[in-house]
Amino acid sequence: MANNHTDLGIDAYSPKEIATRVETTGIAKAQLGFRQTLMLAILAGAFIALGAAFYTLVVTGSDLGFGPTRFTGGIAFSLGLILVIVGGAELFTGNNLIVMAWASRKVTHRQLLRNWIIVYVGNFIGAIGTAVLVSLSGILSMNDGGVAATAISIASTKLSLPWQEAFFRAVLCNTLVCLAVWLCFAAHSVSGKILAIIFPIAAFVSLGFEHSVANMYLIPIAYFEGVEAITVSGFLINLFIVTAGNILGGSVLVALVYWLIYLRKSP
């Protein structure tokens with residue numbers, strides 16, 4: 001028998017079906033072996049870093065105006081999540097959706113934390129490694145050093161944010177990121193997944209929200225340029241605050257909300 005969404009002529013899984021698919025995927029992610037999880041996480045960190053590097057280039061020297069420049073840059077940054085979703089990789093922020101399987105008691109506390117820790121470390125390795133390669137490649141000297149100046153400006157702005165602003169920008173960021181991943185579960189095709197990714201990701205980038213894995217690239221790349229104001233301590237403090245906000249946004253405002261709506265068993 002055809003699914004209800006097919007009967008209605010809608011080429012997408014229904015929200016309830018999405019919830020079940022996210023839960024099933026969360027179980028599989030929690031049970032994935034250490035080596036596979038770590039390697040896929042390293043790839044995800046590199047993919048997000050490549051999207052951030054692309055964003056930095058695209059917004060450099062743009063005369064489109066404030067909003068259009070940021071939106072164009074946001075589209076460029078979408079490359080990162082497209083590579084993660086279509087290419088296959090493990091991204092910490094997206095894996096906050098495993099909370100749906102955890103809330104259903106199909107994933108244990110230990111499995112959830114194990115996945116998050118391995119993936120977070122792998123993302124860090126991939127993002128930092130990509131920052132090193134980008135720095136060594138010399139591409140920051142493009143546009144007479146304009147790309148380097150943009151990278152430094154981005155990192156400096158992030159480190160100058162009051163902690164409250166950084167935290168709530170991170171909450172909003174991963175709400176959009178997890179919604180982008182959620183929408184991907186509705187799609188049947190690669191083109192559908194790409195379209196589902198672009199607008200939520202372009203929105204969070206345009207609005208200046210904070211993504212922990214992106215910051216694993218965007219702040220170190222400026223540090224490698226020898227800017228004294230960019231410090232390791234400042235980076236780690238930012239990462240702690242932004243990570244906490246990302247967890248709240250993805251795990252609670254998306255995963256737990258949708259779990260309560262579609263998967264929670266009636267008492």
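Residues numbered from 1 in each chain as written. Predicted model: local features only at pLDDT ≥ 70, side-chain atom pairs only at ≥ 80, totals over all residues. Heavy atoms only, no water.

The chain is annotated in an unreviewed UniProt entry as Formate transporter FocA of Sneathiella litorea. In its Sequence similarities (unreviewed entry) section, the UniProt entry covering the chain states "Belongs to the FNT transporter (TC 1.A.16) family." Regarding the chain, the UniProt comment filed under Subcellular location (unreviewed entry) reads as follows: "Membrane". (UniProt positions renumbered as here; feature names shortened; annotations may be inferred.)

*Asks:* Please provide a residue-by-residue account of the nonpolar core, values included.
*Replies:* Among the nonpolar cores identified, the biggest contains 73 residues, and Phe 77, Leu 81, Val 84, Met 100, Ile 201, Phe 204 and Tyr 217 are the most heavily contacted of them. The element contributing the most residues to this core is helix α3 (residues 34-59), with nine residues. When near neighbours in sequence (up to four residues on either side) are disregarded, Val 84 contacts Ala 44, Phe 47, Ile 48, Ala 89 and Leu 91. Core analysis: the second largest hydrophobic core is formed by seven residues, Ala 170, Val 171, Ile 241 and Val 242 among them. (Core = buried A, V, L, I, M, F, W, Y, C linked by side-chain atoms within 4.5 Å. Buried < 20%, exposed > 50% of the residue type's maximum accessible area, 1.4 Å probe, protein only. Helix = DSSP H or I, 4+ residues; strand = E, 2+ residues; numbered from the N terminus. Contact = heavy atoms within 4.5 Å.)

*Asks:* An account of empty space enclosed by the protein is requested, with residue identities and associated values reported.
*Replies:* Applying the stated rule across the entire model yields one cavity of 30 Å³ or more. One number sums up the size of the largest cavity: a volume of about 40 Å³. Lining the largest cavity, in full, are Ile 48, Phe 77, Leu 81, Leu 91, Val 177, Ile 201, Phe 204 and His 211. Every element with two or more residues in the lining of the largest cavity is listed here: α4 (66-87) and α9 (190-206). Looking at the lining of the largest cavity residue by residue, the classes come out as seven nonpolar, one polar and no charged. (1 Å grid on protein atoms, 1.4 Å probe; cavity = no way out; pocket = protein on both sides within 12 Å on 5 of 7 lines; lining within 4 Å. Points joined across faces, edges and corners; volume = space filled by probe spheres on them. Nonpolar A, V, L, I, M, F, W, Y, C, P; charged D, E, K, R; others polar.)

*Asks:* Report on the packing of aromatic side chains, specifying residues and quantitative values.
*Replies:* Inspection of every chain in the model, using the stated rule, returns nine aromatic pairs. A ring pair is formed by Phe 124 and Phe 235, whose centres lie 6.1 Å apart and whose planes are at 25°; its orientation type is stacked. With Phe 124 in helix α6 (residues 109-137) and Phe 235 in helix α11 (residues 232-263), this residue pair connects regions lying 111 residues apart in the sequence. For Phe 235, a relative accessible area of 8% puts it in the buried group. A ring pair is formed by Tyr 258 and Tyr 262, whose centres lie 6.1 Å apart and whose planes are at 20°; its orientation type is stacked. Here Tyr 258 and its partner Tyr 262 are both found in helix α11, four residues apart, which amounts to about one turn of the helix. Aromatic ring contacts, followed pair by pair, group Phe 92, Trp 116 and Tyr 120 into a single cluster. For the cation-ring pair, Arg 21 lies above Tyr 13, with the distance from its terminal atom to the ring centre recorded as 4.3 Å. (Phe/Tyr/Trp six-rings, centres within 6.5 Å; stacked < 30°, edge-to-face > 60°. Lys NZ or Arg CZ within 6 Å of the ring centre and 35° of its normal.)

*Asks:* Can you tell me about helix α7 (residues 142-159), naming the residues and giving the values?
*Replies:* Counted at 1.5 Å a residue, the expected span for α7 with its 18 residues is 26 Å, and the 24 Å between its end C-alpha atoms agrees. By the burial criterion, the buried members of α7 are Gly 146, Val 147, Ala 148, Thr 150, Ala 151, Ile 154, Ala 155 and Lys 158. (Expected span 1.5 Å × (residues − 1).)

*Asks:* Can you lay out unusual backbone geometry for me, pointing to particular residues and giving the numbers?
*Replies:* Positive phi, normally seen in glycine, also occurs at Arg 105, with a value near 65°. Tracing the sequence through the fold places Arg 105 in the loop between α5 (99-103) and α6. Although it is not a glycine, Asn 143 adopts a positive phi angle of roughly 60°. Looking at where Asn 143 falls in the secondary structure, it is placed in helix α7.

*Asks:* If you had to explain the pattern of salt bridges to someone new, which residues and values would you point to?
*Replies:* In total, this model carries four salt bridges according to the counting rule given. Arg 169 serves as the salt-bridge partner of Glu 165, at 3.7 Å between the closest nitrogen and oxygen. Within this pair, Glu 165 and its partner Arg 169 are both found in helix α8 (residues 163-184), separated by four residues, close to a single helical turn. (Salt bridge = Lys/Arg side-chain N within 4 Å of Asp/Glu carboxyl O.)

*Asks:* How would you sum up the UniProt feature "transmembrane region" (unreviewed entry) in the chain? Please name residues and give values.
*Replies:* Sites flagged by UniProt as "transmembrane region" (unreviewed entry) map to residues 38-59, 71-92, 113-136, 166-187, 194-223 and 235-261. The distance from the first to the last C-alpha atom of residues 113-136 is 34 Å, and the span holds 100% helix and 0% strand. Between the end C-alpha atoms of residues 235-261 the distance is 37 Å, and the span holds 100% helix and 0% strand.

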